[in-house]
Amino acid sequence: MPAPIRLRELIRTIRTARTQAEEREMIQKECAAIRSSFREEDNTYRCRNVAKLLYMHMLGYPAHFGQLECLKLIASQKFTDKRIGYLGAMLLLDERQDVHLLMTNCIKNDLNHSTQYVQGLALCTLGCMGSSEMCRDLAGEVEKLLKTSNSYLRKKAALCAVHVIRKVPELMEMFLPATKNLLSEKNHGVLHTSVVLLTEMCERSPDMLSHFRKLVPQLVRILKNLIMSGYSPEHDVSGISDPFLQVRILRLLRILGKGDDDSSEAMNDILAQVATNTETSKNVGNAILYETVLTIMDIKSESGLRVLAINILGRFLLNNDKNIRYVALTSLLKTVQTDHNAVQRHRSTIVDCLKDLDVSIKRRAMELSFALVNGNNIRGMMKELLYFLDSCDPDFKADCASGIFLAAEKYAPSKRWHIDTIMRVLTTAGSYVRDDSVPNLIQLITNSVEMHAYTVQRLYKALLDDISQQPLVQVASWCIGEYGDLLVSGQCEEEEPIQVSEDEVLDVLEGLLVSNLSTPVTRGYSLTAIMKLSTRFSSLNRIKKVVSIYGSSIDVELQQRAVEYNALFKKYDHMRPALLERMPIMEKTATNGPSETVQTNGETDSTILDTKHLPSISQPASQANDLLDLLGGNDVVPIIQTTVPTKPASAGGELLDLLGDLSLTVIPPMTAYNKNGLIIEFTFERSNPNPNIAVITIHATNSTEADMTEFVFQAAVPKTFQLQLLSPSSNVVPAFNQGSVTQVIRVLNPQKQQLRMRIKLTYTHKGSPVQDLAEVNNFPPQSWQ
Amino acid sequence: VLSLTVQPRCKIIRFILIQNRAGKTRLAKWYMQFDDDEKQKLIEEVHAVVTVRDAKHTNFVEFRNFKIIYRRYAGLYFCICVDVTDNNLAYLEAIHNFVEVLNEYFHNVCELDLVFNFYKVYTVVDEMFLAGEIRETSQTKVLKQLLMLQSLE
């Protein structure tokens, strides 16, 4: 058999192939030759053949028949064989292959080989793709190599250890002794990989994290040396000494300093130093600065440092390099809630980024801009945002429009401004506006009574221009239906009133009905609008005609409406004026129950909220679920409790006064709970606008000789009810009845069912925690009938 | 749905790719488990995402639930796939470091060098990265090691 062709030749040949089919043919031919060569168990050319096989694998062709050959190469004594063998193993032999485990022994031997390069190959392979079993078997060898004095091997061993820990976290303990002296290394490579290893261990185990906190001073020193030292040719990148190591140390410091006052203080100075001394003209420096900013934001840094960090981000925004702008915007987005004022200072730069060319930068700038809008800057910001809305990609329009509506609703300086802004959005991005904005807008317009004439006039004019944007058309039709009388009478105060006749208005509305551009929903709106005008306009005959035509429309919805309106004209004409009169001011429904109350999740960031004020309000949701279980599951609605207890609720006091004034309709109070010196009384009041809501105030008093602290009251009701718990007046029930804790509960009972409640009380009394459950069934009938 | 998540917030390099504009892979180093067809799919997706971008885009792309840091050198795209919370700018430097080493090692490297010496390219990668982390960043050290290894051939 002639000697198999060399790798170079094969590559050259394959590259001459002009079509995919030709290439495939060549590959197949070569594979066949390689297969027969493998069968002959030829040692000399095995290496060459496997190399060729790997090349073909890289082109995308199957090469699994070479797996065992790789193993044989690994077992060989020649370095060139081993090297290709290990490469083949890394490319072809992942964990899912059966032969994977056969490597274990070879790797074990090679880890103890006399040549460091062979040891290196073994470490590398194990570190890249070793399975959990292999890692378990070989962890001991890796640990040994971690302690060797050979820095070439130590580096590889450190990262190999990282891989082992990722695969088999239980083995982490094993590497602990070896880490003792890692940071006293001078060799940068070893230092770097050691920091990586320490980072991995700290991220995975809180115990390790506390153990390694003592390394903070050492890390600070190393970082300081890196910055202060002169030019070091080996690790220099554009004048900065080993930036990769600096970044890794900063990251480790971040993990160690998070949530820990002492460590954070120890690193304050060095962070400030890095932040101010690093050269910012090239990407390298900015990479370090970025990591520094991330660290400052995460640890418990003093406010001066935080402001410094945000200013760095602000400077990033002015950088020419778009990568840096992108990175800055992403970070600012994360910090805008906590450091709002500092970020505000960079508002104009952020707004400029709206005009950037890169889509992802634009999106982040938009989100940030919305986060920064407040009562002071609303006019200026809105101008920019509306301009952005005009010119941005369609993907953005929906989100931008919603954001604008929200911001306008919160901060509108005047009703007229608000309406103008809405008009602008509807006319520029009308088709991208979300469906639920139409009813919201209608409500808003209804409630701005003095702007009715102005609004309907503007909407009418907009309709004359363009009837293709459905949300705009729907809102406009509705308004014309409601306020058409103001339109024709020319009553507008805000701007020059237009002259328009009843017929012209009806022309426009009828035009909507017949236009191809109108959706069925829009048609429904315009038909109803026309109908409403029958009580506001005088051209009754025309309206009657239109309505009767649609009585035979194919669209079922339109047909139904038309038929009903027809009936209004004929048999029920006496009711028509009342039915079609002006809509009253609509209130936003307040009875949305638990979904409206604020939920604290257990993961509240401790750096934001002062934990002293939140003694026992952790994970109320899970406690509510406990209640669920207790009540036998299915017929209960979980309650979500509100956050920080505020100053004593005035609700309690006023309630008592109210009750004093009320005469016969007073609902008697009741004692809901009386045990161990804790008495809880319920007092009632009907919520005025909605008779289905009962407002209960609980009064908790303590007749024992010790205070009851960390007092938490929770309640659950059956499914047909909805319950809302407001903030309690305090968390301490003072002893000897010296005061009480009050809390307001609102219960919505639309089905007028008998009120039942299960309550759970937790508090600390004389140093020990107390918990109790009780059923409350003795509600007075007036509270729920 | 391909399972590309390791444990949450695991800051590991998922893979390193070198591809040319036509989509041919010149190097594919995986630091996580993938099936062969998953790998193929990923390669195609990365290529599609990266080649449509030009000078006015940033060097970062959100990809599935993490991101790709990439840079184009002549006709080759060097891509590193990392966690979303990782430092973009630092990895950009890492790519550049890697390319400079290749350049020095192959004396003004061009695509053909990477093709004919593909196994050597893997060696360079393994000297600079391991277990999904950056291992050695000093160009002088890496080049010294590479020359030593070469002398053993």
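Within each chain, residues carry numbers counting from 1 in the order of the written sequence. Chain letters and ligand numbers both follow the written order, the letters beginning at A and the numbers at 1. pLDDT decides what is reported in this predicted model: residues at 70 or higher carry local features, side-chain atom pairs at 80 or more are listed and counted, and totals for whole chains, interfaces and linings draw on all residues regardless. Just so you know, side-chain values use all the structure's heavy atoms and leave hydrogens and water out.

To keep things clear, this is the line we draw: UniProt positions are given in the numbering used here, feature names are shortened, and annotations may be inferred rather than shown by experiment.
Looking at an unreviewed UniProt entry, one finds chain B named AP complex subunit sigma, with Cyprinus carpio as its source organism. Checking UniProt for chain B, the heading Sequence similarities (unreviewed entry) contains the comment "Belongs to the adaptor complexes small subunit family."

Chain A is annotated in an unreviewed UniProt entry as AP-1 complex subunit gamma from Cyprinus carpio carpio. Under the heading Sequence similarities (unreviewed entry), UniProt records this for chain A: "Belongs to the adaptor complexes large subunit family."

**What to know about the nonpolar core**
Convention followed: In this description, a nonpolar core means a group of buried Ala, Val, Leu, Ile, Met, Phe, Trp, Tyr and Cys residues linked to one another through side-chain atoms lying within 4.5 Å. Type-normalised accessible area, obtained with a 1.4 Å probe on protein chains alone, sets the label of each residue: buried when under 20%, exposed when over 50%, and partly exposed for intermediate values. Strands are runs of DSSP state E lasting at least two residues, helices are runs of H or I lasting at least four, and both sets are numbered from the N terminus onward. Contacts are assigned to residue pairs that have any heavy atoms within 4.5 Å of one another.
Counting residues in hydrophobic clusters, the biggest one holds 270 residues, and the most contacted among them are Phe15(B) and Phe129(B). Broken down by element, this core gets its largest block of residues, eleven residues, from helix 2 (residues 88-105) of chain B. Setting aside anything within four residues of it in sequence, one finds Phe15(B) in contact with Lys29(B), Trp30(B), Phe34(B), Leu42(B), Val46(B), Phe63(B), Ile68(B), Cys79(B), Ile80(B) and Cys81(B). Listed in part, the 32 residues of the second largest apolar core include Ala672(A), Leu678(A), Val741(A) and Leu761(A).

**Brief notes about the packing of helix 3 (residues 46-58) of chain A against helix 5 (residues 79-92) of chain A**
For any two helices packed against each other, one specifies the crossing angle of their axes together with the interaxial distance. Residues and elements named next belong to chain A. Note the cut-off: Whenever a helix is involved, its axis is fitted only over the stretch in contact; in every case the axis is a line through C-alpha atoms, and angles between N-to-C directions fall within 0 to 180 degrees. Working definition: roughly parallel below 35 degrees, roughly antiparallel above 145 degrees, roughly perpendicular at 65 to 115 degrees, and oblique for all remaining angles. Each crossing gets its handedness from the near helix: less than a right angle anticlockwise from the far helix is left-handed, clockwise is right-handed. We call Asp, Glu, Lys and Arg charged. Ala, Val, Leu, Ile, Met, Phe, Trp, Tyr, Cys and Pro are nonpolar, and the rest, Gly among them, are polar.
Between helix 3 and helix 5, whose axes approach to 10 Å, the crossing angle comes to 30°. Of the possible angle classes, the one that applies to helix 3 and helix 5 is roughly parallel. Judged by the twist between their axes, the crossing of helix 3 over helix 5 is left-handed. From helix 3, Cys47, Val50, Ala51, Leu54 and His57 reach across to helix 5, where they touch Thr80, Asp81, Ile84, Leu87, Gly88, Leu91 and Leu92. Here the contact of helix 3 with helix 5 is built from residues that sort into eight nonpolar, three polar and one charged.

**Considering the environment of Phe711(A)**
Residues and elements named next belong to chain A. Mapped onto the elements, Phe711 comes out in strand 7 (residues 708-718). Under the relative-accessibility criterion, Phe711 is labelled buried at 3%. In contact with Phe711, not counting residues within four places along its chain, are Leu678, Ile680, Ala700, Asn731, Val733, Val741, Leu761, Thr762 and Tyr763.

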